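Residue-level listing of the chains:
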Amino acid sequence: MTHPASGGPDLPGEGGGMDGPWTSAGSRHRDGEGGVPGSAGARRGDGGAGGEGEGGAPAFEAVELARSYRLEGVSVDALRGVSLRIDQGEFVAILGPSGSGKSTLMHLLGCLDRPTAGTLRVNGVDVSTLDDTGLAELRNQAVGFVFQSFHLLGRTSALENVALPLVYRGVAKAERRERARRALESVGLAHRLDHRPSQMSGGEQQRVAIARALVGDPRVVLADEPTGNLDSKSGQEVMGILSDLNSERGVAVVLVTHEREVADLARRRIHVRDGRIELDTANEREGGVS
Ligand SMILES: Nc1ncnc2c1ncn2[C@@H]1O[C@H](COP(=O)(O)OP(=O)(O)OP(=O)(O)O)[C@@H](O)[C@H]1O
Ligand SMILES: [Mg+2]
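Each value, and the rule that gives it
Residues numbered from 1 in each chain as written. Chains lettered and ligands numbered in written order. Predicted model: local features only at pLDDT ≥ 70, side-chain atom pairs only at ≥ 80, totals over all residues. Helix = DSSP H or I, 4+ residues; strand = E, 2+ residues; numbered from the N terminus. Buried ≥ 20, exposed ≤ 12 C-beta atoms within 10 Å, placed from the backbone. Contact = placed C-beta atoms within 7 Å. Pairing = 2+ DSSP bridges. Near = placed C-beta within 6 Å. Nonpolar A, V, L, I, M, F, W, Y, C, P; charged D, E, K, R; others polar. Axes fitted to C-alpha atoms, helices over the stretch in contact; angles between N-to-C directions. Parallel < 35°, antiparallel > 145°, perpendicular 65-115°, else oblique. Left-handed = near helix turned anticlockwise from the far one by under 90°.

Caption draft 1: Representation of the overall build of the protein within the structure. Looking only at helices and strands, the protein features eight helices and 10 strands. Split into buried and exposed, the 290 residues of the protein put 48% on the buried side. Expressed as a percentage of contacts within the protein between residues at least 6 apart in sequence, the contacts between residues at least 24 apart total 73%.

Written as structure tokens, this is what we have:
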């Protein structure tokens, strides 16, 4: 169990600190939206690939997106000009060799990091126009992020872990608990609300992480190797949840995977190599994307 406070290389400061992925300096509510995962179906009934969501904007639009890291004076070009569009309701798998830039791309899409060049619109909003507070708010409102190694607070109950993103939205405690309970119920964990991550199996921990990504009712869920640390049965359960989320509730799902069976569930596959998109194809077996 990774305690988030110890920090994984992937995670900019989770652990309840004010710069965590779920923080938002604002506490804007989205009035009129149910806010529980089960309510999203009414919002988007098409369950479908492609098309444009409310407001007409794609989930993501990237043009020549680049990210370089400076390491001891040497520049590492992790992404070298990625252009893509992902519509609301799509189900996309991102594939590619280790070090090809997949996580870097996911962190940019998830507003956990900023590009060094190029433009990125998330739900129609150009991230370069946002200050850090605005970026945190967009992240908190629009995107649910699932990490490979869960990044749960180890000494905190499942219920409180899931409720955490709502703290940063200023949701009252009773409502936070109710929404967290429903999110956990939706991933089959109604009987584990008071367990701590250390008292749960890997598959259960990943489902808690998914519930945490869903509790804010995002239009997009990004998952970086969500089955990477799981046995095959738990992996199938997790993929079933993500798949249903997409087909039944119309939530766009973008996931990184090394596993062929997982990639086969997606309707579109994007292959990344050396920081660029090598191939972007519809999955014919699944009927393809629009
Ligand atoms: N914080 C960082 N500082 C310097 N270089 C980095 C940093 N993060 C990633 N890199 C480098 O950027 C490149 C892309 O890394 P990234 O994590 O995006 O790869 P990946 O495709 O997700 O690989 P994996 O499949 O192993 O998770 C790699 O060469 C990596 O070493
Ligand atoms: Mg990675």
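Caption draft 2: Broad picture of the sheet that holds strand β5 (residues 125-126). Judged by pairing direction, the sheet is antiparallel, and its four strands sit side by side in the order β2-β1-β4-β5 without closing on themselves. Taken across any chain shown, the strands that pair with only one partner, and hence form the sheet edges, are β2 (74-86) and β5. Bridge analysis of strand β4 (residues 117-122) against β5 gives two bridges, and the strand direction is antiparallel. Opposite arginine 121, over in β5, you have aspartate 126 as the bridge partner.

Caption draft 3: Region of the structure containing the pairing of strand β3 (residues 91-95). Burial runs high along β3: five of the five residues are buried. Of the two faces of β3, both are covered, the one formed by Phe91, Ala93 and Leu95 as well as the one formed by Val92 and Ile94. Sheet topology places β3 next to strand β8 (residues 252-256); four bridges connect them, and they run parallel. Residue pairing in the sheet places phenylalanine 91 in a bridge with valine 253 of β8. Pairing of β3 with strand β9 (residues 268-273), which is carried by four bridges, proceeds in the parallel orientation.

Caption draft 4: Highlighting the site of ligand 1. Around ligand 1 lies a shell formed by Tyr69, Leu71, Val76, Ala78, Gly96, Ser98, Gly99, Ser100, Gly101, Lys102, Ser103 and Thr104. The element best represented in the shell around ligand 1 is helix α2 (residues 102-109), accounting for three residues. Residue composition of the shell around ligand 1, by class: four nonpolar, seven polar and one charged.

Caption draft 5: Structural context of the packing of helix α4 (residues 158-167) against helix α6 (residues 202-214). It is the contact of α4 with α6, at a shortest axis distance of 7 Å, that shows an interaxial angle of 30°. The angle between α4 and α6 places the two elements in the roughly parallel class. Judged by the twist between their axes, the crossing of α4 over α6 is right-handed. Across the interface between the two elements, Ala158, Asn161, Val162, Leu164 and Pro165 of α4 pack against Val208, Ala211 and Arg212 of α6. Residue composition of the contact of α4 with α6, grouped by class: six nonpolar, one polar and one charged.

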